[in-house]
Number of protein chains: 2
Amino acid sequence: MSEALSSLAATLSLPLGELEALVRAVAAAPPPRDDAATLALFGGALSDDHRRLLTHAIDTARAAIEPTPWTRDRVVGLRDELRRRNLSAFWVPRADEHQGEYVPAGAERLRYSTGFTGSAGAAVFLLSRAAVFVDGRYTLQAKQQVDAGTFEIQSLTDNPPIDWLKSLLSGKTDGIVPKDFRLGLDPWLHSQNEVKSIEKELGKLGAQVVLVETNPLDASWAQQPPTPVAPVFPHPTELAGKNPDLKRHELGDELLTAKVDAALITLPDSIAWLLNIRGGDVPHTPLPLSFAVLHADGTVDLFVDPRKLTEPTRQWLGAEVRLHRREALLGLLGDLGRSQLRVQIEGASCPAILARTLEKAGATLVEGKDPCQLPKARKNATELEGIRAAHRRDGAALTRFLCWLDQNVLARASSGKPIMEIEASDRLEAFRAESPLLRDLSFDSISGAGAHGAIVHYRATPESDAAILPGTLYLIDSGAQYPDGTTDVTRTVAIGTPTAEMADRFTRVLKGHIAVARAIFAHKTSGGQLDALARLALWEVGLDYEHGTGHGVGAYLAVHEGPQNMSRRAVTAPLEAGMILSNEPGYYKTDGYGIRIENLVTVKKAEIAGGEKEMLAFETLTLAPIDRQLIDVTLLRADERAWVDEYHAWVNTTLAPLVDSVTRVWLAGVTAPL
Amino acid sequence: MSEALSSLAATLSLPLGELEALVRAVAAAPPPRDDAATLALFGGALSDDHRRLLTHAIDTARAAIEPTPWTRDRVVGLRDELRRRNLSAFWVPRADEHQGEYVPAGAERLRYSTGFTGSAGAAVFLLSRAAVFVDGRYTLQAKQQVDAGTFEIQSLTDNPPIDWLKSLLSGKTDGIVPKDFRLGLDPWLHSQNEVKSIEKELGKLGAQVVLVETNPLDASWAQQPPTPVAPVFPHPTELAGKNPDLKRHELGDELLTAKVDAALITLPDSIAWLLNIRGGDVPHTPLPLSFAVLHADGTVDLFVDPRKLTEPTRQWLGAEVRLHRREALLGLLGDLGRSQLRVQIEGASCPAILARTLEKAGATLVEGKDPCQLPKARKNATELEGIRAAHRRDGAALTRFLCWLDQNVLARASSGKPIMEIEASDRLEAFRAESPLLRDLSFDSISGAGAHGAIVHYRATPESDAAILPGTLYLIDSGAQYPDGTTDVTRTVAIGTPTAEMADRFTRVLKGHIAVARAIFAHKTSGGQLDALARLALWEVGLDYEHGTGHGVGAYLAVHEGPQNMSRRAVTAPLEAGMILSNEPGYYKTDGYGIRIENLVTVKKAEIAGGEKEMLAFETLTLAPIDRQLIDVTLLRADERAWVDEYHAWVNTTLAPLVDSVTRVWLAGVTAPL
């Protein structure tokens, strides 16, 4: 094997070490659905033998970096590092340098150091104690995953790390002397605002914050996966709807107007949007991890691993995008500072080290929102066309799945070999994967049978995998990434005959969904003002749900994006034409069942004859039948009933040509007027 | 006269100078409806002659301090003062020391210095230019009232004083050198937060903020009315529902728990609530201007003009309320500081001078909401009983007015002597004044005929007074202060036959009103989340209104109080049981007509059988018929129609025993089911 690799290295004129490193870095990215683009990163024309060899090598490397179970020596190793560096404590956040929802394998520091696998949390290690911080959804999971002898478990919301540290420091805790207390932070992993606030709070108590030069956990993590290398590829203008030159120059002009010389962009989905590129460094979101500096003249300095870029992608980026290795970032920021430039950063997401490097070198920091966020959120007409196409494709797959489920679930249950949660979501994925355009799921599917449906962020595992049985509800929340759009849809279906209570609850959730879908609202209305519409029918009978009604969604980008949102928190970002949100009210009966009805919607101008003011409305994008068996028609008003019938007629007309004949017949039935 | 006063002074054993000062101070308060309590401030048993003499003297003094028209020499006088003090500019806010909506005559500095009489605004005077800042509702009025040769008019919202000053300082404006620029602020009139922010902004530009020891405008205002003296009287526990001892000790305990030694209270309605006292220093809100320090031991230092206090009131306040002259406030704050106490202030309302005096003397400032605000907002059962009684009384008066209007308006119009706006509101006041319990109106009535109804804050003047004519709408927004409650109600009535458009708009406003009135909502819901309910039926056809849907209301206190609110602004204060809000959606057609339907509502627990979570709902308090002629029944859903019928049945049943027989017959007709 190693001999074969040596021969391949020679063929590719690549030092063996570099080839091996590239194999490992490629293996650190999520496995691609189509590996041709990945293999192209190795350059040259590869023989079939070479392809097989590389594929095998990558698979082997991937297996080698699969997370292994937590062991206590990881904590011992970290504490040794802390002692060597004279640190009293070290804070391990879930975030990577880009504050994203998905992080690459090598940035799974929280998981590595604690064993906790949730998508949000933190840990703080002292020399003789440690705590893991998780929110309400993860309390149970953390208790199962985390070693009680090593960690106490704290509430991320009620007693977050900073409060926990403050009480340790202000209480007379054994062995803790505030003035000798040195808390280590990795300034790549905490934002500028966060570090400022931690420094302020601990400073009050006389303790010290140390921004470490290298991460002590990484130093003790022998098998830490390298930063991932997945191909960066152009996102064509025919899908993006706007040339990246134009985007860069328009935003550059905005900087000019704001008397700012440059903006530092640290959020990879902003960079992907700005340059019309996509990648594959993290699961479920097609983005290349990178940093960028946008200058007021419309040019960009892009900091990205050059191994991710093939020649066509370099061509696509063009001469106005100057390429640098990620390692050159601090140097360039230093140059900007020494030139006394005014540089815009978003304090809430910019790693502290970048802000401080700029400041120390002499730059004037200008606090401002990431300049890409709003234009990225406002989808243009071309993007919306693509997104509608993606929803038709995705709706056809989901509808075929719902038909398959309906036609098999009861027979399978009575045969004693019921359909299981994982089988169901695999089947749905298989339907989606029949399209050559499927690039990825947009998140891990939530396939919840019965009581599992009441766990809002449930993920079926081989241990939890449950049967889908008569007399229950089944909830499936899933989505996909296609080159033309990102989907996210939830359907809840009755398995057999639902109870009257289930139908009552489902219909109330549906009434909320319809109230949002049909709303017409004034300009400058924020999602927070509309959230209550989704809850009224539940509130009326003393029910509610504990999550937001909607989140923003990207265009072949992150399934969660801002600034738009629809929730009880005070969200002030006004809804604007082209924004995409989910509309997903729900109801959850603990240990009973879960209900959620989720469609994506886009904001559009409402055309109103005789109106005095321009109004906005939602256009529903998602296409899939809503389970009629669960609708209590007596609870619907005439206008609500008409909405269901119109929606179903549209679903039927649109999807009928796209599904097989069995599904087509089934679809006509389940979308018939109420 | 002066001789007679001298003799009275002798009788009262009062130096003549003090008597004269007291007469002037009493005259500086709004005229009381019943002057017995006021005359009692002069002490002793007064003969009828003495009463007449005093009343005459007060009337004369009142006439002498009536505002006189603005003249340019006021600005000249101010500028002379500025030059003497080496100030480049001086900022005149609308607020007084208590940041209230109504200010006493001597604090009408904005009006005195600019001629502008609106209820919000500011002015900034430089040596060679000056600007008046007003919001959208006052643009026209400011143009009419303010001398264009002296002032430029700027938007308070788009270009507020601080932005205007910054652009003067950063642009190369003639004669302005930032480093020599000294902006004067009266630290009694600007809050701690405001001064901090002005200092920060101007500091960035190198300019200086000077907190003046005495107000330069006052120095040049020869006839400035003195601070008012109106009697302070007990608000009995049978109306307040809670003994003031208990209030003081409960809040003191809260301070203790929060490890705070004392809280500085600068909002007079908070002090009035805390001590169960009322007063008459400003129009329409029965509060005594005062400052207070609440200590963690439940005692209070109250800073109030002792001339306002009669012996029964002193008794009522008791030994745990230590009385001081207002002049002693800074001294006591200094003492608190020198004792190294932790003192809570509300930075948004606390005059900067008080915060700084504390800080300079060594106090630790603890930022926190005024501790009275929330308990004051949550009315107790006794207060709510009183408020319901006040609404019955007030509803009967309003209903008699509406009957009188209905039965006379067309005949008067065809007789050529139409009912005028001022006549109408005077008539309504007269109906209210038939109750011996009327203490004041709760604000200046808005009596708007036809197009005047579209001016949201219209106030009829002899110049604007318009006839109420057939084919128009008439809008009357008014309220009253009774010892047991504060009311605020708006009705819009058709004069003759309304157009179909009027009925359509009115019915949509009504649908919004009903949606709020009927809402059931979860705990922690804020008014901002419900505001959209009031707008949906208007939004549907491209209409909206540009004001909030609801404001908080006090219990025989301010007609505008916080923290509760219902508006498009992000208001995060959750609605809680006992809070009172207005429910007042509207629609305004400029130069056409105005529609507003306003009832007060209180938040209560919703009793829902079988609900999982405790819910809240509104109980409507206001009683008065809603004009059926303006309701387009075809636009109402069955549940909305039922709400109107139930509301009207309740109005009829409740008010019929309280009105004259003519009104009773009329009321039965106008409240018949739709």
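Being a predicted model, the structure only gives us computed values, none of them experimental.

1. Quick word on the overall build of chain A
Alright, step 1. When helices and strands are tallied, chain A shows 24 helices and 28 strands.
Alright, step 2. Relative to the 2.2 N^0.38 estimate, which gives 26 Å for 674 residues, the radius of gyration of chain A is 26 Å and therefore close to what a compact globule would have.
Alright, step 3. With the C-alpha coordinates of chain A rotated into their principal frame, the extents come out at 70 × 65 × 60 Å.
Alright, step 4. The buried share among the 674 residues of chain A stands at 51%.
Alright, step 5. Within chain A, residue pairs in contact and separated by at least 24 positions form 70% of the contacts whose partners lie at least 6 positions apart.

2. Focus on the sheet that holds strand 4 (residues 152–155) of chain A
Residues and elements named next belong to chain A.
Alright, step 1. Pairing in this open sheet of 6 strands is mixed, and the strands run 4-3-2-1-5-6 from one edge to the other. If you trace the sheet from one side to the other, it starts and ends with strand 4 and strand 6 (208–211), each paired once. This sheet shows a mean twist of 25 degrees between the axes of neighbouring strands, independent of strand direction.
Alright, step 2. Bridge count for strand 1 (residues 89–93) against strand 2 (residues 122–126) is 5 bridges, and the pairing is antiparallel.

3. What to know about the sheet that holds strand 16 (residues 446–449) of chain B
Residue and element names in this part refer to chain B.
Alright, step 1. On the basis of which strands lie adjacent, the open sheet formed by 3 strands has the order 16-17-20 and antiparallel pairing. Two strands lie at the open edges of the sheet, namely strand 16 and strand 20 (489–495), each paired on one side alone. Between one strand and the next, the sheet's axes are offset by a mean angle of 10 degrees, whatever the strand orientation.
Alright, step 2. Both strand 17 (residues 472–478) and strand 20 contribute to a ladder of 7 bridges, which runs antiparallel.

4. Points about the nonpolar core
Alright, step 1. Residues Val 124, Phe 125 and Ala 262 of chain A together with Ala 123, Val 124, Phe 125 and Ala 262 of chain B are the most contacted members of the largest nonpolar core, which totals 360 residues.
Alright, step 2. The contacts of Val 124 of chain A, once residues within four sequence positions are left out, are Ala 89, Trp 91, Ala 130, Ala 131, Pro 161, Trp 164 and Leu 165 of chain A.

5. Brief notes about the interface of chain A and chain B
Alright, step 1. Contacts between the two partners involve 24 residues from chain A and, on the opposite side, 24 residues from chain B.
Alright, step 2. Mapped onto the side of chain A that touches chain B, the elements with two or more residues apiece are strand 21 (520–522) and helix 21 (527–530) of chain A.
Alright, step 3. Counted by class, the side of chain A that touches chain B contains 12 nonpolar, 6 polar and 6 charged residues.

6. So, helix 24 (residues 661–670) of chain B
Residues and elements named next belong to chain B.
Alright, step 1. Restricting attention to buried positions, one finds in helix 24 the residues Thr 663, Trp 666, Leu 667 and Val 670. What you see down the axis of helix 24 is that its buried residues fit within an arc of 105 degrees, all on one side. Opposite the packed face of helix 24, turned more than 90 degrees from it, sit the exposed residues Ser 661, Val 665, Ala 668 and Gly 669.
Alright, step 2. Packed against the buried residues of helix 24 are helix 18 (381–414) and helix 23 (638–655).

7. Here's the deal with the packing of helix 18 of chain B against helix 19 (residues 421–433) of chain B
Residues and elements named next belong to chain B.
Alright, step 1. Here helix 18 crosses helix 19 at 140 degrees, and the two axes come no closer than 8 Å. When the axis of helix 18 is compared with that of helix 19, the two are oblique. Here the hand of the crossing between helix 18 and helix 19 comes out right-handed. Contacts between helix 18 and helix 19 involve Asp 394, Ala 397, Leu 398, Arg 400, Phe 401, Trp 404 and Leu 405 from the former and Ala 424, Arg 427, Leu 428, Phe 431 and Arg 432 from the latter.
Alright, step 2. Of the residues in the contact of helix 18 with helix 19, the class split is 8 nonpolar, no polar and 4 charged.

8. Structural notes on the relation of the copies chain A and chain B
Alright, step 1. In screw terms, the move from chain A to chain B is a rotation of 179 degrees and a rise of 0.3 Å along the axis, fitting with an RMSD of 0.2 Å. In short, the pair behaves as if placed about a two-fold rotation axis.
Alright, step 2. Taken together, the interface assignments show that 100% of the residues at the interface of chain A recur at the interface of chain B, consistent with an identical surface on both copies.

9. A word on the environment of Gly 331 of chain A
Residue and element names in this part refer to chain A.
Alright, step 1. Looking at the element boundaries, Gly 331 is found in helix 15 (residues 329–338).
Alright, step 2. On the neighbour-count criterion, Gly 331 (11 C-beta atoms within 10 Å) is exposed.
Alright, step 3. Along the backbone, Gly 331 and Asn 215 are 116 residues apart, and their C-alpha atoms lie at a distance of 20 Å.

10. What to know about the environment of Leu 202 of chain A
Residue and element names in this part refer to chain A.
Alright, step 1. Within the secondary structure layout, Leu 202 lies in helix 9 (residues 192–204).
Alright, step 2. Judged by C-beta crowding, with 20 C-beta atoms within 10 Å, Leu 202 ranks as buried.
Alright, step 3. When the C-alpha atoms of Leu 202 and Ala 480 are compared, they prove to be 44 Å apart, with 278 residues separating the residues in sequence.
Alright, step 4. Look past the residues within four positions of Leu 202 in its chain and what remains in contact with it is Leu 165, Leu 183, Ala 207 and Val 209.

11. Describing the packing of helix 2 (residues 16–27) of chain A against helix 4 (residues 48–65) of chain A
The axes of two packed helices give the description: the angle between them and the distance between them.
Residues and elements named next belong to chain A.
Alright, step 1. Interaxial distance between helix 2 and helix 4 falls to 8 Å at its minimum, and their mutual angle equals 60 degrees. What the angle tells us is that helix 2 and helix 4 run oblique. The handedness of the crossing between helix 2 and helix 4 is right-handed. Contacts between helix 2 and helix 4 pair Val 23, Arg 24, Val 26 and Ala 27 from the former with Ala 57, Ile 58, Ala 61, Arg 62 and Ile 65 from the latter.
Alright, step 2. For the contact of helix 2 with helix 4, the per-class residue count stands at 7 nonpolar, no polar and 2 charged.

12. Some thoughts on the domain arrangement of chain A
Alright, step 1. The domains assigned to chain A are domain 1 (2–65), domain 2 (72–220), domain 3 (233–368) and domain 4 (381–670).
Alright, step 2. Relative to domain 2 of chain A, the C-alpha centre of domain 1 of chain A lies at a distance of 36 Å.

13. Considering unusual backbone geometry
All names here are of chain A.
Alright, step 1. Following Gly 562, the chain continues to Pro 563 via a peptide bond in cis, the omega torsion being 0 degrees.
Alright, step 2. Residue placement: Pro 563 occurs in strand 23 (residues 561–566).
Alright, step 3. Even without a glycine there, the phi angle at Asn 86 is positive, about 60 degrees.
Alright, step 4. Position of Asn 86 among the secondary structure elements: in the loop between helix 5 (72–84) and strand 1.
Alright, step 5. The exposure class assigned to Asn 86 is exposed, which follows from the 10 C-beta atoms found within 10 Å.

Conventions adopted
Residues numbered from 1 in each chain as written. Chains lettered and ligands numbered in written order. Predicted model: local features only at pLDDT ≥ 70, side-chain atom pairs only at ≥ 80, totals over all residues. Helix = DSSP H or I, 4+ residues; strand = E, 2+ residues; numbered from the N terminus. Rg over C-alpha atoms; globule rule 2.2 N^0.38 Å. Buried ≥ 20, exposed ≤ 12 C-beta atoms within 10 Å, placed from the backbone. Contact = placed C-beta atoms within 7 Å. Pairing = 2+ DSSP bridges. Axes fitted to C-alpha atoms, helices over the stretch in contact; angles between N-to-C directions. Core = buried A, V, L, I, M, F, W, Y, C linked by C-beta atoms within 7 Å. Nonpolar A, V, L, I, M, F, W, Y, C, P; charged D, E, K, R; others polar. Arc of directions from axis to C-beta. Parallel < 35°, antiparallel > 145°, perpendicular 65-115°, else oblique. Left-handed = near helix turned anticlockwise from the far one by under 90°. Least-squares fit on C-alpha atoms with pLDDT ≥ 70 in both. Domains from an automatic or database assignment.

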